[in-house]
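# Structural description and commentary
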Amino acid sequence: EAQVTQNPRYLITVTGKKLTVTCSQNMNHEYMSWYRQDPGLGLRQIYYSMNVEVTDKGDVPEGYKVSRKEKRNFPLILESPSPNQTSLYFCASTPEAGMNTEAFFGQGTRLTVV
Amino acid sequence: GENVEQHPSTLSVQEGDSAVIKCTYSDSASNYFPWYKQELGKRPQLIIDIRSNVGEKKDQRIAVTLNKTAKHFSLHITETQPEDSAVYFCAAVYNFNKFYFGSGTKLNVKP
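Described below are features of the structure shown in this document. Source: prediction; values computed, not measured.

## So, the interface of chain B and chain A
One widely used convention gives an interface's size as the accessible area the parts lose upon coming together. In this assembly, 22 residues from chain B lie in contact with 27 residues from chain A. Taken together, both faces of the contact between chain B and chain A bury some 1,900 Å²; the carbon and sulfur share is 49%. In this structure, the salt-bridge partner of Lys98(B) is Asp59(A), at a minimum N-O distance of 3.6 Å. Where chain B packs against chain A, one counts five residue pairs in polar contact (both at pLDDT 80 or more). Broken down by secondary-structure element, the contributors of at least two residues to the side of chain B that touches chain A are strand S4 (32-38), strand S5 (45-51), strand S9 (86-94) and strand S10 (98-101) of chain B. Top contributing element to the side of chain B that touches chain A by residue count: S10(B), with four residues. Its residues placed into classes, the side of chain B that touches chain A shows eleven nonpolar, seven polar and four charged.

Written as structure tokens, this is what we have:
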């Protein structure tokens, strides 16, 4: 089944403790991105990747890192999480970086930083 | 960058009525306009989309209209059903899959 898979689904952590949220897609998509969803703000892009080893900042990149060493994986790293990073996170992929098409979303990761 | 505004933030309709959600965008370079439905606790899923060279698109009870001159697009749901209750997001897309989402509309369809 074609899908985008995120792990974990739920995570509670403490301020300053490094964490990684994994994202994997099995559709051979070029483009992958991370969003955070906050009430009243919709989905805002954190980082995106147009292909392996090609990543760039989205609209709200502060406090996050990403890497794209393989086409299928695009992990989101929080080196030193803070309470304002408590949010619902979605990974998404689209087939081609150069053509605007449907974004396929993962199941979401609800992160709480205390 | 692009700015997408979505209205209303909440919408309550009676089953069988129509629902309309409106979005405006600011950047005329945007050329792809998808609509996503997000049920409670679920991921956003595409329900319909339209490209800038098309003015209207319909899929059963759902339709989207685009006015490029005025920079606005709308989602129309006819004969609403309780299972249409969800949060709906519009997006304007340009520059290599750069998505800008609206803030969402919570639709409640009352039986």
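Now that the structure is up, let's keep going.
## Comments concerning unusual backbone geometry
Residue Pro8(A) is reached from Asn7(A) by a cis peptide bond, and omega for that bond is 0°. Residue placement: Pro8(A) occurs in the loop between strand S1 (4-7) and strand S2 (10-13). Cis peptide bonds are those with omega within 30 degrees of zero, and the linkage from His7(B) to Pro8(B) qualifies with -5°. Mapped onto the elements of the fold, Pro8(B) is located in the loop between strand S1 (4-7) and strand S2 (10-14). Of note, the phi angle at Asn28(A) is positive, near 60°, even though the residue is not glycine. Residue placement: Asn28(A) occurs in the loop between strand S3 (19-25) and strand S4 (31-38). You will see that Glu79(B), though not glycine, has its phi angle at about 45°, which is positive.

## Quick notes on the state of the cysteines
Put plainly, two cysteines are in a disulfide when a covalent bond ties their sulfur atoms together. Residue and element names in this part refer to chain B. Applying the stated criterion across every chain yields a total of two disulfides over all chains. Between the sulfur atoms of Cys23 and its disulfide mate Cys90 the distance is 1.9 Å. On the sign convention where negative is left-handed, the bridge of Cys23 and Cys90, at about -100° about the S-S bond, is left-handed. Pair noted here: Cys23 is in strand S3 (residues 19-25) and Cys90 is in strand S9, with a separation of 67 residues, a long-range link. The pair formed by Cys23 and Cys90 is uniform in burial state, with each residue classed as buried.

## Let's talk about the packing of aromatic side chains
Each aromatic ring pair is described using two quantities: the centre-to-centre distance and the angle formed by the ring planes. Throughout the structure, instances matching the rule amount to 15 aromatic pairs over all chains. When the centroid spacing of 5.4 Å and the interplanar angle of 85° are considered together, the rings of Phe105(A) and Tyr36(B) count as edge-to-face. In this pair, Phe105(A) sits in strand S10 (residues 104-105) while Tyr36(B) sits in strand S4, so the two residues belong to two different chains. According to the relative accessible area criterion, Phe105(A) is buried, its value standing at 3%. Summarising the aromatic geometry, the rings of Phe105(A) and Phe101(B) are spaced 6.2 Å apart at their centres and angled 65° between planes, so their arrangement reads as edge-to-face. Of the two residues, Phe105(A) is situated in strand S10 and Phe101(B) in strand S10; the pairing between them involves two chains. For the pair Phe105(A) and Phe101(B), one class covers both residues: buried. Ring-pair connections join several aromatic residues into one group, and the members of that group are Tyr35(A), Phe90(A), Phe105(A), Tyr32(B), Tyr36(B), Phe99(B) and Phe101(B).

Rules and cut-offs
- Residues numbered from 1 in each chain as written.
- Chains lettered and ligands numbered in written order.
- Predicted model: local features only at pLDDT ≥ 70, side-chain atom pairs only at ≥ 80, totals over all residues.
- Heavy atoms only, no water.
- Contact = heavy atoms within 4.5 Å.
- Buried area = accessible area lost by both parts, 1.4 Å probe.
- Salt bridge = Lys/Arg side-chain N within 4 Å of Asp/Glu carboxyl O.
- Polar contact = N/O pair within 3.5 Å; in protein donor to acceptor, adjacent residues only side chain to side chain.
- Helix = DSSP H or I, 4+ residues; strand = E, 2+ residues; numbered from the N terminus.
- Nonpolar A, V, L, I, M, F, W, Y, C, P; charged D, E, K, R; others polar.
- Disulfide = S-S within 2.5 Å.
- Buried < 20%, exposed > 50% of the residue type's maximum accessible area, 1.4 Å probe, protein only.
- Phe/Tyr/Trp six-rings, centres within 6.5 Å; stacked < 30°, edge-to-face > 60°.

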